[in-house]
Amino acid sequence: MRRDARELAFKLIFESEFNSQIDVELSFMSDLEEVVLTDEEKKFASQLFELYQYNKEEIEDEISIRLKGYELKRVYKVDIALLKLALTELKYYKKTPAPVVINETLELCKKYSTENSPKFLNGVLGALV
């Protein structure tokens, strides 16, 4: 399921927030032990993370511009990782419709972040779209 693949990509992005020297292959294989993905879903998760890594600076800049009254470094790491995942898929993957990306991001947000985070993320994602 693509949601599981997105969740895997989110976990890799989140982990990279704390460890810039992340061993992607090792983390990817470790996370795969928790969920069963098809080869296509594995490829999707891997593509999202690779696109994020390649465009990281531009993604961070674009998010920073749209954070009204917030600094990137002061936003919850979970929320930042979710925004980075969403922007990566919206801007660089481009195969998923924006409403689907936003909905999937908000579902992950409900699972991993605070109760106030979906409203915050929805606002930032709306500005990004």
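Residues numbered from 1 in each chain as written. Predicted model: local features only at pLDDT ≥ 70, side-chain atom pairs only at ≥ 80, totals over all residues. Heavy atoms only, no water.

*Asks:* Go over the overall build of the chain, please, and point to the residues and values.
*Replies:* Counting its secondary structure elements, the chain contains 7 helices and 0 strands. Expressed as a percentage of the 129 residues in the chain, the buried residues total 46%. Considering only contacts within the chain whose residues lie at least 6 apart along the sequence, 72% involve residues at least 24 apart. Summed over all atoms, the accessible surface of the chain reaches about 7,400 Å², with 50% contributed by carbon and sulfur. (Helix = DSSP H or I, 4+ residues; strand = E, 2+ residues; numbered from the N terminus. Buried < 20%, exposed > 50% of the residue type's maximum accessible area, 1.4 Å probe, protein only. Contact = heavy atoms within 4.5 Å. Areas by Shrake-Rupley, 256 points an atom, 1.4 Å probe, with all protein chains shown as cover.)

*Asks:* Would you mind going over the side chain of D79 in detail, with residue names and values included?
*Replies:* Along the chain, D79 turns up in helix α5 (residues 77-93). Here D79 sits buried without a salt bridge, and the closest side chain of opposite charge, K77, lies 12 Å off (N-O distance). At 2.5 Å, the side chain of D79 and the side chain of S113 are in polar contact. Discounting chain neighbours no more than four positions away, the residues touching D79 are C109, S113, S117, F120 and L121. (Lys, Arg positive; Asp, Glu negative; His and termini not counted. Salt bridge = Lys/Arg side-chain N within 4 Å of Asp/Glu carboxyl O. Polar contact = N/O pair within 3.5 Å; in protein donor to acceptor, adjacent residues only side chain to side chain.)

*Asks:* So, the packing of aromatic side chains: which residues are in play, and what are the values?
*Replies:* Here the distance between the centres and the angle between the planes together describe a pair of aromatic rings. A complete count under the given rule lists 4 aromatic pairs for this structure. Geometrically, the ring pair formed by F44 and Y93 is edge-to-face, given 5.1 Å between the ring centres and 70 degrees between the ring planes. One end of the pair, F44, is in helix α3 (residues 39-54); the other, Y93, is in helix α5, and 49 residues separate them in sequence. No difference in accessibility class separates F44 from Y93, as the two residues are buried. When the ring of F49 is compared with that of Y52, the centres are 6.2 Å apart and the planes differ by 40 degrees; the resulting orientation is tilted. On the criterion of helical spacing, the pair formed by F49 and Y52 is a turn pair, its members being 3 residues apart in helix α3. (Phe/Tyr/Trp six-rings, centres within 6.5 Å; stacked < 30°, edge-to-face > 60°.)

*Asks:* So, unusual backbone geometry: which residues are in play, and what are the values?
*Replies:* Even without a glycine there, the phi angle at K94 is positive, about 60 degrees. Mapped onto the fold, K94 is located in the loop between α5 and α6 (98-112).

*Asks:* Tell me what's going on with the pattern of salt bridges, and back it up with residues and numbers.
*Replies:* Counted by the stated rule, this structure contains 11 salt bridges. K111 is the salt-bridge partner of E7, the closest N and O atoms lying 2.9 Å from each other. Separated by 104 residues along the polypeptide, E7 in helix α1 (residues 2-18) and K111 in helix α6 bring together distant segments of the chain. Relative accessible area serves as the criterion here: at 10%, E7 is assigned to the buried category. Here K73 ties to E71 by a salt bridge, and the two come within 3.8 Å at their closest N and O atoms. Given a relative accessible area of 69%, K73 falls into the exposed group. Taking relative accessible area as the criterion, E71 reaches 45% and is therefore assigned partly exposed. Here the residues in one salt-bridge network are R3, R6, E89 and E104, joined through shared partners.

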